[in-house]
4 protein chains.
Amino acid sequence: MIVILKNGATDEQIDHVIRRVEAIGLQSHLSRGTFRTIIGLIGDESLVNKESLSTLPGVAQVIPVLPPYKLASREAHPESSVIDVSGVKIGGGNLGMIAGPCSVEDRDRMMRIAESVCQSGANVFRGGAYKPRTSPYAFQGLGEEGLKILREVGDRFGMPVVTEVTDPRNVELVSQYADMLQVGARNMQNFVLLTEVGKSRRPVLLKRGMSATIADLLMSAEYILSEGNSNVVLCERGVKGFDPATRNLFDVAAVPVVQGLTHLPIIVDPSHATGRPDLIPPCALAGLAAGADGVHIEVHDCPEEAKSDGPQALLPEQYKQISHQMRLMADLLGKTISPLAKDAGGPTPPQPPTEALA
Amino acid sequence: MIVILKNGATDEQIDHVIRRVEAIGLQSHLSRGTFRTIIGLIGDESLVNKESLSTLPGVAQVIPVLPPYKLASREAHPESSVIDVSGVKIGGGNLGMIAGPCSVEDRDRMMRIAESVCQSGANVFRGGAYKPRTSPYAFQGLGEEGLKILREVGDRFGMPVVTEVTDPRNVELVSQYADMLQVGARNMQNFVLLTEVGKSRRPVLLKRGMSATIADLLMSAEYILSEGNSNVVLCERGVKGFDPATRNLFDVAAVPVVQGLTHLPIIVDPSHATGRPDLIPPCALAGLAAGADGVHIEVHDCPEEAKSDGPQALLPEQYKQISHQMRLMADLLGKTISPLAKDAGGPTPPQPPTEALA
Amino acid sequence: MIVILKNGATDEQIDHVIRRVEAIGLQSHLSRGTFRTIIGLIGDESLVNKESLSTLPGVAQVIPVLPPYKLASREAHPESSVIDVSGVKIGGGNLGMIAGPCSVEDRDRMMRIAESVCQSGANVFRGGAYKPRTSPYAFQGLGEEGLKILREVGDRFGMPVVTEVTDPRNVELVSQYADMLQVGARNMQNFVLLTEVGKSRRPVLLKRGMSATIADLLMSAEYILSEGNSNVVLCERGVKGFDPATRNLFDVAAVPVVQGLTHLPIIVDPSHATGRPDLIPPCALAGLAAGADGVHIEVHDCPEEAKSDGPQALLPEQYKQISHQMRLMADLLGKTISPLAKDAGGPTPPQPPTEALA
Amino acid sequence: MIVILKNGATDEQIDHVIRRVEAIGLQSHLSRGTFRTIIGLIGDESLVNKESLSTLPGVAQVIPVLPPYKLASREAHPESSVIDVSGVKIGGGNLGMIAGPCSVEDRDRMMRIAESVCQSGANVFRGGAYKPRTSPYAFQGLGEEGLKILREVGDRFGMPVVTEVTDPRNVELVSQYADMLQVGARNMQNFVLLTEVGKSRRPVLLKRGMSATIADLLMSAEYILSEGNSNVVLCERGVKGFDPATRNLFDVAAVPVVQGLTHLPIIVDPSHATGRPDLIPPCALAGLAAGADGVHIEVHDCPEEAKSDGPQALLPEQYKQISHQMRLMADLLGKTISPLAKDAGGPTPPQPPTEALA
């Protein structure tokens, strides 16, 4: 950590800073420049409260040298993590291909969509049972009923399923049905929820918040990791931008930036990033080309009947096409689309309480 | 609601849209222009799923004409609401002056700060017992112990207290101690939490999220109102901006914009909006001049010892000065700083369970 | 300047950096921390090319300690500058009240509007003769004919006039007619134009670009100052935001931030910042309350006939009201609305070539 | 165009709007809804001044139905344009591979870099002779001397050259040396400059401004087209974002959005978009995968000696690698990297005045 003093800081103020630093157990290294004095802190900077130091008289700026996340940092863990979602691998050259409708709707429709995306090559099925909607009057999801349908679909096709959890009180319930827990963009800094999913042993799909910096995203991952759950997959899904041409601004450069800072995999979600079906295929390919560890796409067989987010879903036929193109792109990039456990011999999916499926 | 069709939309596509609209029970009004055809929808547009309509073949754009919030809209409720926080009025010409430290810390310090801000003219005391921190390694608040201190401080000085609630499981507990529940910026779209505070009968201070549009903010208020709790005070506390000069970008124009759209009061929080103590006084005055219904300022008697957010707090002496200036500004604007209940004869503060204060 | 080295930087890399720094004539100060090595540069940091240093092997980050602008910095010039616009003072407690239509239109209308705003208390008249329009098909201004009308209006009412210059080839021509040259937001980084107005001796009104940081704004001011023209008034007029509720996002905190960094005055322009007439009065008052050195407001007597930007203009009657309120606010803040030269005995306005007014 | 009236608009106000519309020569189509009245305008909406209409009493909102650009719109010109830059084709499946240093520096270095990028497969050479720098104290380019070097380099390797023009007074001079004129991001709304390059017959590379919407970009292209120059190539080079992790925010989705709206080609510039050499390769590939018509990359053989923007340049060896990868990507996508004229038999490059090369 580096402390830059104000022009005209007094010796007394400098001494005060040094005493504070040394009281914490760090050493200080004073450097008087022509126009400014700076103090380098030597030792474990995580012991220092940057905010407190900033308020000391005479201090102009405090600049951390190390990232505030530790478990998530690549420095601490140089090798890329490979997350295992009931046998499907994400990270380290293995691509997660997540597809499915925004919301879990009726069982037959889910079966039809799942069959289609499975045949097209998706390896994780998605669907929301608890929907965070901006309007209290909008469809809020089927709840546990939706979880049951999702589990049944997953079992039928041997695909792991991912679904969003929005309430810390539901983490355990959702974990009984789902192979992977999603924390949505609007909950990326819901630290109570992060702590709960950190206590779960299910892998977590953590979506970047709309105004979250990459450092914020990694700090949120750190919450989960620090509770003992190291199975976190990050997801870039667009940040807030000023141009109404797209729903969000797809930050494709976040993929290599994140991969430089952390060992955790990162996938892209062009459905939410753009909000327009015609933009999903080019942005899916762009995400892979930038090095993403997977692609999350919403698919619905009748968008006009979708209970939520119909306009950003592809039709199954469109998914089939882009899926084929993504496979060719993966080949070019030397990446593998991770096979399903049933095809590769992997771990067993979660076994919900028997009465749940009765 | 207006549906704009694509250039070259076929008669069949137009008919399909009209049938869908009429199936919902609305009338349609077709208008064929030189370059585009548009369909006006006549009837209750809240029955229409805009997203579904957008996905119909031939549809270019769907434009709602009415705001999606109803209970919060000024159209539905033209008169400005006055929210009563244990006797202190906020809204309709009454200013809420909220002050106190970021976190509740030790009892003696809380008493000292509260005494000072009370004498300076603050009418609501704030302090966080549950702190949403970006780092899992940072101080997370004193929890219920903090609530007890806060209640004791409130009772001693006759000031209502506001504190943040971050966990839906804690809403009832926090309601036992606090006069007003704060929903923080990072939880503005934590719909589970909004629903819980909506079931509470405590007034709510709802802070605008960093990337929330004003419409998003009002939709979040609608969640609370739709659960039956109409005592919502909004708070502008800065949005995400591109200039590192300030922590956030203080959107002062949001004050009159919000007041045009809703009957709910809106206050400003220059501490979080700017993150710099030297900017708090000018931005506090700017907020009032723009018509804000109150000002929220963090105050700490020793920022370098503060357990969180020290750098954005004023010293008690600085608060006294800006408080005096705010009073003069209020006079110029014809606003009243609402007196405390003990001075004005108002309702009783919450009575926590006796064992809690034992 | 501080150079932070990468984790694992070799001694050879460190030596290379030190040799480069010392070759420029600065001293270096090495500090080896537990996790990172840093090098402090001692001497005149303006000699160092930060970009070059950043590219050296082993370098993680280069952090400048001093601002890159010198003439504009308050450090170099602690006293607030007072800019004299043909007798009207702006800065140092003197408020510039600029009002007038977006575009110069016909002579009679200009006379009527000028008479009205002059009576209401404006002390500078504005109007565009060269209009930077986003559409090539929109009204582009009356050109020199507009300048003549503007000069005539200024002379009639003894008000200095400000008008935008968009073309470096026109700076001299515009300087013959106008008391003050405006550089618009879209040209804030048109360095060719900045250089030309820097060579002029007319005061300059420099508007902040829509995506310009405050540091960018001050660097643009530095261009003008470095050419020898020290009469620069800055203007906050809204930055790009994500909320369509307002045309731009009025960054009122920029006022005190700028005043901390530079001696140059800064005014606010709530017309462009918000794009909505109902928001102009609250934002004008907010700007003054935040400490602005003046307010720029568009006024038109028939917005629906305005050739540009009608929707963001006040009617003369509305300007009269807000002008009265601004005067009361100025009194409260201890500021003076600078009188016109004819009322205070100031310098003579520019004398355009006689044939120009023939 | 659609006019939405305010709740409670009077019949008189509605009549006033209708009379205004009909006075312009359009028909109006009134539709009274349950909560709002709307008026559809039938006829050529380019005749209507949207701003004026917005100011009429009783009007809540005016919504254009057609884009404000005509010549640039794909609706007017469905087939993709192919721009010919002295024999190198950009657009319609032909990729422009632009490479070279930020600034033109000494002749020998330029020859070396050009030879290398030419061998790697670049088909247009770039270099700035007039540099728009944020600091007046930074290197401003070699001027005409730089143009001469650039022309010589272009002739030696048979590569067309592109260079930035910043001053309307220099458009003719630059056109004598360069095959293509670049308008930089900071000048995207310098309408005076756009008009001048529109009068030139050289192809133009128009970079998107940092806070420009895609509609703004197309309006700026329209300026050039409306002057008669239809050879415009657009360039996405990053917009302003809130995350300091990258210099700008690379808006890769802009590529397919732009291609849907206009027939003009669009390339990407990952150097400026990210400002970090390690991010250039993944973002270059992402741009191609999203459908870009070319890639612009800065290359320098000794970034630490570069006179500008060294940190965002690739080394020639790095360019060779990414160039190979881009070629494989182009093959996968079915695109062609347009060959040089000397290899394909195309038009002659510009012939500057003989004395210029003396």
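As the structure is a computational prediction, the values presented were derived from the model and not from experiment.

Caption draft 1: How the structure looks around the overall build of chain A. Of regular secondary structure, chain A possesses twelve helices and 15 strands. When its C-alpha atoms are laid out on the principal axes, chain A stretches across 75 × 45 × 40 Å. The burial tally for chain A puts 64% of its 358 residues in the buried class. Within chain A, contacts between residues separated by at least 24 positions form 70% of all contacts whose residues are at least 6 apart in sequence. Total accessible area on chain A is roughly 12,100 Å²; 48% of this is exposed by carbon and sulfur atoms.

Caption draft 2: Representation of the relation of the copies chain A and chain B. You can overlay chain A on chain B at an RMSD of 0.0 Å; the transform is a turn of 180° with a shift of 0.0 Å along its axis. The transformation relating the two chain copies, once decomposed into turn and shift, fits a two-fold axis. Of the C-alpha atoms belonging to chain A, the one lying closest to the rotation axis is found on Ser211(A), 2.8 Å away. In this assembly the copies share their binding face: 100% of the residues contributing to the interface of chain A also contribute to that of chain B.

Caption draft 3: Expanded view of the environment of Tyr137(D). Following the sequence through the fold, Tyr137(D) ends up in the loop between β8 (124-126) and α4 (144-157). In this structure the C-alpha to C-alpha distance between Tyr137(D) and Pro303(D), which are 166 residues apart in sequence, comes to 20 Å. The residues touching Tyr137(D), leaving out its near neighbours within four places in the chain, are Pro68(C), Lys70(C), Leu71(C), Glu222(C) and Ser226(C).

Caption draft 4: Seen up close, the interface of chain C and chain A. Between chain C and chain A, the contact holds 23 residues from the first and 23 residues from the second. At the boundary of chain C with chain A, the tally comes to two salt bridges. Between Glu75(A) and Arg36(C) there is a salt bridge, and its shortest N-O distance comes to 3.1 Å. In this structure, the connection of chain C to chain A is made through seven residue pairs in polar contact (both at pLDDT 80 or more). Of all the elements in the fold, those that place two or more residues in the side of chain C that touches chain A are β1 (2-5), β2 (27-32) and β3 (37-42) of chain C. Per-element accounting of the side of chain C that touches chain A gives the leading share, four residues, to β2(C). When grouped by side-chain class, the residues that make up the side of chain C that touches chain A number ten nonpolar, eight polar and five charged.

Caption draft 5: A look at the domain arrangement of chain A. Per the domain assignment, the segments making up chain A are domain 1 (2-63) and domain 2 (83-344). Inter-centroid distance (C-alpha atoms) of domain 1 of chain A to domain 2 of chain A is 44 Å.

Caption draft 6: The arrangement of empty space enclosed by the protein in detail. A complete count under the given rule lists twelve cavities of 30 Å³ or more for this structure. Considering the residues around the largest cavity, the lining is formed by 19 residues, among which Lys240(A), Lys240(B), Phe242(B), Lys240(C) and Lys240(D) are closest to the centre. Among the residues forming the lining of the largest cavity, the class breakdown is nine nonpolar, six polar and four charged.

Caption draft 7: Region of interest: helix α8 (residues 254-261) of chain C. Buried residues of α8(C): Ala254(C), Val255(C), Pro256(C), Val257(C) and Val258(C), and no others. Structurally, α8(C) contributes buried residues whose contacts are with α10 (280-289) of chain B together with α7 (214-226), β12 (232-236) and β13 (266-268) of chain C.

Caption draft 8: Focus on the packing of aromatic side chains. Residues and elements named next belong to chain A. By the definition in use, this model includes four aromatic pairs over all chains. Seen from their ring centres, Phe-191 and Tyr-223 are 4.7 Å apart, and the 25° between their planes marks the pair as stacked. Of the two residues, Phe-191 is situated in helix α6 (residues 191-199) and Tyr-223 in helix α7 (residues 214-226); the sequence distance between them amounts to 32 residues. On the basis of relative accessibility, which here comes to 3%, the residue Tyr-223 falls in the buried class.

Caption draft 9: Main features of the side chain of Asp293(B). Residues and elements named next belong to chain B. As for its placement among the helices and strands, Asp-293 is situated in the loop between α10 and β14 (294-298). There is a polar contact of 3.2 Å between the side chain of Asp-293 and the side chain of Gln-259. Those residues in contact with Asp-293 that lie beyond four places of it in its chain are Ile-90, Gly-91, Gly-92, Asn-94, Leu-95, Gly-96, Gln-259, Pro-265, Ile-266 and Ile-267.

Caption draft 10: Structural detail: the relation of the copies chain C and chain A. Of the two same-sequence chains, chain C is brought onto chain A (RMSD 0.1 Å, axial shift 0.0 Å) by a rotation of 180°. Most of the interface of chain C is mirrored in chain A, where 100% of its interface residues again form contacts.

Caption draft 11: Summary view of helix α4 (residues 144-157) of chain A. Between the first and last C-alpha of α4(A) there are 20 Å, a value that for 14 residues agrees with the 20 Å anticipated at 1.5 Å per step. Just beyond α4(A), the residue with positive phi is Gly158(A), at close to 65°.

Caption draft 12: View of the sheet that holds strand β1 (residues 2-5) of chain A. Residues and elements named next belong to chain A. Pairing in this open sheet of four strands is antiparallel, and the strands run β2-β3-β1-β4 from one edge to the other. The outermost strands of the open sheet, each flanked by one partner alone, are β2 (27-32) and β4 (59-63). Adjacent strand axes in the sheet meet at a mean angle of 20° when their direction is disregarded. The sheet contacts of helix α1 (residues 11-24) involve β1, β2, β3 (37-42) and β4, and relative to β2 the element is tilted by about 155°.

Caption draft 13: Fine view of unusual backbone geometry. You will see that Ser86(A), though not glycine, has its phi angle at about 45°, which is positive. Note on placement: Ser86(A) falls in the loop between β5 (83-85) and β6 (88-90).

Caption draft 14: Just the interface of chain A and chain B, in detail. With 47 residues of chain A at the contact, the number on the chain B side is 47 residues. Summing both partners gives a buried area of about 3,700 Å² for chain A against chain B, and 51% of it is carried by carbon and sulfur. Taken together, the links from chain A to chain B amount to six salt bridges. One salt bridge in this structure joins Arg169(A) and Glu196(B), with 3.4 Å as the shortest N-O distance. For the pair chain A and chain B, the interface holds 23 residue pairs in polar contact (both at pLDDT 80 or more). Those elements that place two or more of their residues in the side of chain A that touches chain B are α1, α2 (50-55), α6 and α7 of chain A. Examining the composition of the side of chain A that touches chain B, we find that five residues originate from one element, α7(A), more than from any other. Among the residues forming the side of chain A that touches chain B, the class breakdown is 16 nonpolar, 17 polar and 14 charged.

Caption draft 15: Quick peek at the sheet that holds strand β4 (residues 59-63) of chain D. All names here are of chain D. Read from one edge of the open sheet, four strands run β2-β3-β1-β4, paired in antiparallel fashion. The outermost strands of the open sheet, each flanked by one partner alone, are β2 (27-32) and β4. In this sheet, neighbouring strand axes are inclined to one another by 20° on average, regardless of whether the strands run parallel or antiparallel. Bridge count for strand β1 (residues 2-5) against strand β3 (residues 37-42) is three bridges, and the pairing is antiparallel. The residue of β3 that forms the bridge with Ile-2 is Gly-40.

Caption draft 16: Summary view of the environment of Arg327(A). Residues and elements named next belong to chain A. Along the chain, Arg-327 turns up in helix α11 (residues 316-333). Residue classification places Arg-327 among the partly exposed positions, given a relative accessible area of 38%. Taking C-alpha positions, Arg-327 is 59 Å from Thr-34, a pair spaced 293 residues apart along the chain. What Arg-327 contacts, discounting residues up to four positions off in sequence, is Gly-121 and Ile-337.

Caption draft 17: Focus on the pairing of strand β11 (residues 204-207) of chain B. All names here are of chain B. Because side chains alternate across β11, one face comprises the buried residues Val-204 and Leu-206, and the other comprises Leu-205 and Lys-207, equally buried. In this structure, strand β10 (residues 180-183) lies alongside β11, joined through three bridges in parallel fashion. Its bridge partner lying in β11, Gln-182 is registered against Leu-205. Note: β11 against strand β12 (residues 232-236), four bridges, orientation parallel. Residue pairing for β12: Val-204 is matched across the bridge by Val-232. Taken together, β11, helix α7 (residues 214-226) and β12 form a β-α-β motif whose crossover is right-handed.

Caption draft 18: Expanded view of the pattern of salt bridges. The full count for this structure, using the stated rule, is 87 salt bridges over all chains. Between Asp155(B) and Arg151(B) there is a salt bridge, with its nearest N and O atoms 3.1 Å apart. With Asp155(B) and Arg151(B) both in helix α4 (residues 144-157) and four residues apart, the pair spans about one turn of that helix. Look at Asp155(B) and you get partly exposed, because its relative accessible area is 38%. For Arg151(B), a relative accessible area of 1% puts it in the buried group. Linking Lys89(C) and Asp84(C) is a salt bridge whose minimum nitrogen-to-oxygen distance equals 3.7 Å. For Lys89(C), a relative accessible area of 36% puts it in the partly exposed group. Here Asp84(C) falls in the partly exposed class, since its relative accessible area comes to 32%. What emerges from the salt-bridge pattern is a single network uniting Glu105(A), Arg109(A), Arg112(A), Asp301(A) and Glu305(A).

Cut-offs used in this document
- Residues numbered from 1 in each chain as written.
- Chains lettered and ligands numbered in written order.
- Predicted model: local features only at pLDDT ≥ 70, side-chain atom pairs only at ≥ 80, totals over all residues.
- Heavy atoms only, no water.
- Helix = DSSP H or I, 4+ residues; strand = E, 2+ residues; numbered from the N terminus.
- Buried < 20%, exposed > 50% of the residue type's maximum accessible area, 1.4 Å probe, protein only.
- Contact = heavy atoms within 4.5 Å.
- Areas by Shrake-Rupley, 256 points an atom, 1.4 Å probe, with all protein chains shown as cover.
- Least-squares fit on C-alpha atoms with pLDDT ≥ 70 in both.
- Salt bridge = Lys/Arg side-chain N within 4 Å of Asp/Glu carboxyl O.
- Polar contact = N/O pair within 3.5 Å; in protein donor to acceptor, adjacent residues only side chain to side chain.
- Nonpolar A, V, L, I, M, F, W, Y, C, P; charged D, E, K, R; others polar.
- Domains from an automatic or database assignment.
- 1 Å grid on protein atoms, 1.4 Å probe; cavity = no way out; pocket = protein on both sides within 12 Å on 5 of 7 lines; lining within 4 Å.
- Points joined across faces, edges and corners; volume = space filled by probe spheres on them.
- Phe/Tyr/Trp six-rings, centres within 6.5 Å; stacked < 30°, edge-to-face > 60°.
- Expected span 1.5 Å × (residues − 1).
- Pairing = 2+ DSSP bridges.
- Axes fitted to C-alpha atoms, helices over the stretch in contact; angles between N-to-C directions.
- Buried area = accessible area lost by both parts, 1.4 Å probe.
- Right-handed = clockwise from strand over helix to strand, strands pointing away.

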